[in-house]
Structures are given as C-alpha cells and as structure tokens.
Amino acid sequence: MTVHLDLAQGLHLPLVGSHASALYHSHPVLALLAGLALLPLLATLALAAFLVSLSIYRMVTVNVTRTEPYAHLRRPKHADNFFPWYGDFGLIRRLPPTEPHLLWCRTLESSVFVYRGLFYSPRLFLGDPRAMGYILSASNSYAYPKPNASRLVLQSLLGKGVLVAEGDVHKRQRKILQPAFGVSAIRDLTPFFFKYSEKLAAKIGEMVDRSTQPIDEDKGRGANGVDRAYLHQSEPSRTASRPGAPVLDVSFWLNQATLDVIGDAGFGHIFNGLDAAYDPTAPEGASGDVINASFQRLMKAMSQIGFVRFMQLYLSEFPGLGWVRNLPTKRQRAIDGTYAALETVSKAIVEQKRREIQGEMADEIRQRGGDAASAGPTTVTKADFDERDEAATTVRQDGTTISAGKDLLHLMMRANMADDVSPREKLSDGELIGQITTLLLAGNETTSTQTGWALHILGDHPEVQAMLRAEIRDHFGARMERHAIGYDELMNMPYLDRFAKEMMRFASPVPSTVRTATRADTIPLSKPYPTRDGRSTFTSVPISAGQDLIIPIQAMNLSTEIWGPTATQFDPDRWLDDRLPESAKKSGLPMHLMTFIAGPRGCIGNRFAIAEFKALICSLIGRFHFENVEGWKVEKKQAITLRSRIEGQEDIGPQMPLRISRVEA
Ligand code: HEM
C-alpha cells in the first residue's frame, strides 16, 4: 500500500507533469482543451475540500471553542455519531417526518434546541409559542421570509403567486386576494364543496356496488370474489378486496375531488377529474385536461428531488452561485415546457374572466345611466361590485345556480379591476396566472391529504366514526336524503367540529416549513429553557442574518408542553371547552394550532380548507364504513405534503388504500 502511494506521489505525478509539459510544447491548443476538460474535476475537488473544511470549522466552534452563537443550546447526542457533513440527516431520513424532533424534545427535555443540517450547519428548533408568534407576527414576518432557494424553486414551478412573493409585492397581492377568502365568500362556495363531495360519494358507491354484481363469465371471478381492478387500485388492494367491501386508494379519488373543487370554485374551470372511468380498461375519460395533466407533471417534478437537484439547491444558496439552480438540465427543460403549457391555458382563463368582468362593469354603468357620452358615472368601485352581488345570481354552464361571479379568481380580478384600486396596487397578468397555479397546489393536495389521513384514523377509531356518522345523519337525514347543507349549519355540528380540529392537530398535511432571518435579532421565548450543561437557563435566542429556522408545525401540534401528556393520542373530545388545556388556550395561535401557521403569511385558504374537509367527511362518513386493511401498516412519507404509503408496498408509491363498504340504511 505504502509502495503504491509512493508510486503515486513519486512517480505518477511527475510523469503526468512531464507529459503535460511535453503536450503543451508540441500541441498548445490540445493542451489548453485538455486543461479546460480538467477544470470541472478541479472545481469539484475544490468545492468538496471547501465543504469538508466548513463542516470541520463548524464542529470546532460548537464543541471546542464554543464560540458558535448556539453552542449553549441543547443538541441531540446523535450528531457526533455521523460524519460532520451529513449532520443529523441520518436519523431524519430513517424516522417518519417529525418523529426525530419529537424524540429530541423528549430526550433533551427541551422544546428549544439545535441540531445539525448538511455540512454541520445549525438547524434551530424553536418549539415555543412565543417565538413562533414573534417570527410570524405582522411586524416581523417580512424580516423572516422563505429561504431564497425554496422560494425560487417554487417560483419556477408555480409562477409569481402569493406563496412565493415577499415584502411589498406580497402585501399588495395578499390585499387583492384577501376578500375572496373571507367568510361570506366561503359561505357562497359551500355548494361547490358539496357538489363534488357528493359526486365523490356517488363514484365510490358505484365501485362498492360493482364489487357485488354478477361478473362477466368470460373474465371469471378472482379468488376474492372481485373480478377486475378499479382505476388506481394496486394488485395487493385488489387481492384484499371482498364483494361489497373493495379496497380502494382513497388518496387518488380524494385528489380528483379536490382538484375539481379548486378548478370550479377557484377559477371557474371544470376539470372533470371525478369523471375518470373507474374501470382501468375503459378509454381515457375527460380528466386529461391540459391544466390537470401539466399540473400533475409539475407535482411529480416537485416531489422528485434527487441528489443532483438537492446539491444544485444547496450550492445555489452560496453567494454568486444562484445560477447553479437554473442549469438547463433535462429535468429543468421538462419543467419549463410543462409550465409554459400551463401558462398558456391559465392566460386564456384570465382573459375570459377579464371579458366577463368588463361586461359586468359596462352593465353596471349602463344601469346607472352613465356612459362616455353622458354625464353619468363611468366608474365601478369595489363597493359597487358588492352591491351587484346582493341581488344577482347566475346559472352556470353545468346547470348550478350561484351568486354571480363567486369563484376565487373572479373575486380577485374584480378587486384588481375596480376603478378605485390604484394602478400601483393592481396585479399584473403574470401575477394573476401565478395565483392559478398557486391555488392548484395549495388548495388541492393539502385538503385531499388531510382527508385521506382522517379516513385512515377513523378506520383505527370505529367509535369516533360511529359518533360522527350519527351526527351527520342527524343533519342530512337518516338515509342521507339531503345532499347538502349550508355553511352555517356545517360549521355548527359540534362533534364534526371537534373531529376536524383534532385531525388538523393530529396529522397536519404540512408538517413544517422554513424561514430565514434577514437581520440579526433576538427571539423571545415564553419561558426559560435549560442550557446545554444544565447549569442555567435562557429566555431568548440570538439569531444572525442568513440563519434558517424550522417552523415546527406538527411537532408543536403534538407538543406535550402545550397539549399535556396525551398530546400524541387522537381524541376529538380534548376540544371540549372544559378539557382544553390552559397551555393550549394561552398559546396565542389561531385555533390554538400551528396547522395554518399565523400572521400575514398564514394560510389564506384555511376557511376554504375546513369547509371543504367537513363537506367531504359528511358525504363519505354518512354513507360508508372505512376500515384499515388487516395487517397493513400505513407509513408517513414526506412529499410536497405528508403522504402515506404501505410498508412492504413501497414500489407502489404514495397511496391510502382503505376497505370501504356501505352503511346499512
Ligand atoms: C388542510 C388544508 C391546508 C393546510 C394544512 C394548509 C397549510 C398552509 C400553510 C402551513 C401555509 C404556509 C406555508 C409557508 O408559508 O411556508 C399555507 C399557505 C397558503 N395556503 Fe394553505 N393550507 C391548506 C389548504 C389551503 C387551501 C384549500 C387553499 C386555497 C384554496 C390554500 C391556500 C394557501 C395559500 C395561497 C398560501 C400562501 C399564503 C401566503 O403566503 O400569503 N391552502 N397553507
């Protein structure tokens, strides 16, 4: 071995050197090209050396000199067992999302600590309500934006919508969007939620019934009594199915339903996702819409962050390396092409809405006897639009009658086009298109994932399912004769409300998010936390500009400090007034939860999400029993949201297969 090394050092290098010099003298151009070809290799080696040195430097400042600003914070023991450049990612990758943080909270006996990210970078965990209230508050949230890299990646996929805007641009966009998400707008949207939750129930009902029907003799009945698979039903699910109780991937069907809702209620676009034929051998249904197909491709690209992409994102965070993020890789070219297709259709939707609203404005002016030639009023203000809504109703393309122009985009564009909005406040077409793609992402995957987890939890808790069903049937009729109820009634079903809140607490579809400090600051804490050596405590945490912070949504929702010793158990009755812990009441968080975070960057669609979730639960639980398949373990898997998969069926990918049967009338 030594000889080999000596050879390498003593012989090979000089040899290479002498060859190189000979090459330079005889063929200078060739030598230059060879040098250029070596550049990427040298650059990679230099970068690797830099990152390893950085990790070692960080290790020394935490453990030896203790000069790192977080050296006094508690930190998990595991950190030292991993290579410094891998930080605590080993445990984070092995355990389900949020589990490592909860484990560290328990073992460190503190909700404020620091663990290690890639290349030993400090990852601050502040599971403290006051710290979160401070960072997310109206006065501070713009000083703690999303990290640049994640913002720019989201922007390349979703355009310039409110989710990626920051500072004044965000304030301006949010102001235009806000009225579309107010209580009265969501009240008007409730019929849309029921339209699709009922359509979903009808679809599931057809599949359940078909599994009991006499089968096609030519095809023969399978051993389990079910002849053919359903769309998106895996082979293990088909095998586990029984007549009258098929095992169906509810996540697929819920996704179709929430996509239909956001298309229709969001921007008046009919996706027909639920019209997909459930028979996989049938010709493709109407769901192959351009927006839908492009959006699904973007989703896939977003959830597939491989090593190369990960390194691209990581490196692009360093000063001067932002361009690395946009290298024209095959993946990036595919994303750009898909986004362009989505943009073209979205542009057409915006144009169509603009014409509709211009028509409304011209109508309004005519009705008031004003036009360019007369001296009457020629402007339409936001208040004029509101007045028009009081009376007007519209019959839509699909036959439903609703208040005029109530989809979210219509409301946003009215707020944007009203004559009393200053041109500086208005959204550009690019920004309006960005809202369409943003709503598609934020309004679809989140609620469908939340509902999928809810049905799974109900499978584990048949007693909760029975109580919920009793309350639902009380409101919808013993045989579910009513197909919809109004917003106020939906919001005033006490057990459904407790169940919804407990679900949002217990399994949030967005388990965490990240912010970056843009200035040096001191973050206050609600109580003293123990230092690393246990000899003293601290009541605030210093932060330097550029430092990333985890917003630990799920970990705080399950914190024993806030929710007491039963925090990690599912119990809707914890929301009964006399049982709600004081620590939760005092947290100052909206609904006492982190689920939608808080402040100016909190989820704008929270009312929409809750009403849609409740409508889905009513239509489904009112009619069907949901059970988990015996022996199958559902695992949490972090994708864009917290998805599920079955242990041992990883190759099938994300799914939530549940056994579904009709409730006896
Ligand atoms: C259970 C369902 C939902 C959950 C748990 C949820 C959660 C969240 C969270 C945690 C954020 C903040 C993300 C961050 O800043 O890092 C957010 C932002 C947002 N959500 Fe939701 N969301 C849900 C449903 C919806 C729905 C149905 C819509 C629209 C119809 C929506 C629209 C938005 C938008 C536009 C933002 C960006 C707000 C801004 O930055 O100003 N969300 N959501």
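Residues numbered from 1 in each chain as written. Predicted model: local features only at pLDDT ≥ 70, side-chain atom pairs only at ≥ 80, totals over all residues.

Turning our eyes to something else, we now look at the site of the ligand. With respect to spatial proximity, 23 residues lie near the ligand, and among them Ala-442, Gly-443, Thr-513, Cys-603 and Gly-605 are the closest. Breaking the shell around the ligand down by element, the ones donating at least two residues are helix H16 (429-442), helix H17 (445-460) and helix H24 (606-621). Tallied by class, the residues present in the shell around the ligand amount to 12 nonpolar, nine polar and two charged. (Near = placed C-beta within 6 Å. Helix = DSSP H or I, 4+ residues; strand = E, 2+ residues; numbered from the N terminus. Nonpolar A, V, L, I, M, F, W, Y, C, P; charged D, E, K, R; others polar.)

Once that is clear, we can look at the environment of Leu-315. Summarising the element assignment, Leu-315 is placed in helix H12 (residues 307-316). In this structure, the C-alpha to C-alpha distance between Leu-315 and Lys-501, residues 186 residues apart in sequence, is 40 Å. When neighbours within four sequence positions are excluded, Leu-315 is seen to be in contact with Leu-321 and Val-324. (Contact = placed C-beta atoms within 7 Å.)

This part covers the UniProt feature "binding site: heme" (unreviewed entry) in the protein. Listed under "binding site: heme" (unreviewed entry) in the UniProt record, and renumbered for this structure, are Cys-603. Take Cys-603: it is sitting in the loop between helix H23 (582-585) and H24. Residues in contact with Cys-603, not counting those within four places in the same chain, are Phe-596 and Ile-597. (UniProt positions renumbered as here; feature names shortened; annotations may be inferred.)

One can find Trp-85 in the loop between helix H2 (28-63) and helix H3 (89-94). Taking the C-beta count within 10 Å as the criterion, Trp-85 has 19 such neighbours and is therefore assigned partly exposed. Ignoring anything within four residues of it in the chain, the contact list for Trp-85 reads Leu-51, Val-52, Ser-55, Leu-118, Phe-119 and Tyr-120. (Buried ≥ 20, exposed ≤ 12 C-beta atoms within 10 Å, placed from the backbone.)

Time to look at the sheet that holds strand E13 (residues 657-662). Read across the sheet, three strands follow the order E3-E13-E10 without closing on themselves; strand pairing throughout is antiparallel. Two strands bound the open sheet, and with one partner strand each, they are strand E3 (247-249) and strand E10 (624-627). Pairs of neighbouring strands in the sheet enclose a mean axial angle of 45°, with direction left out of account. Of the strand pairs in this sheet, E3 and E13 are connected by three bridges, and their pairing is antiparallel. Counterpart to Asp-249 in the pairing with E13 is Pro-657. (Pairing = 2+ DSSP bridges. Axes fitted to C-alpha atoms, helices over the stretch in contact; angles between N-to-C directions.)

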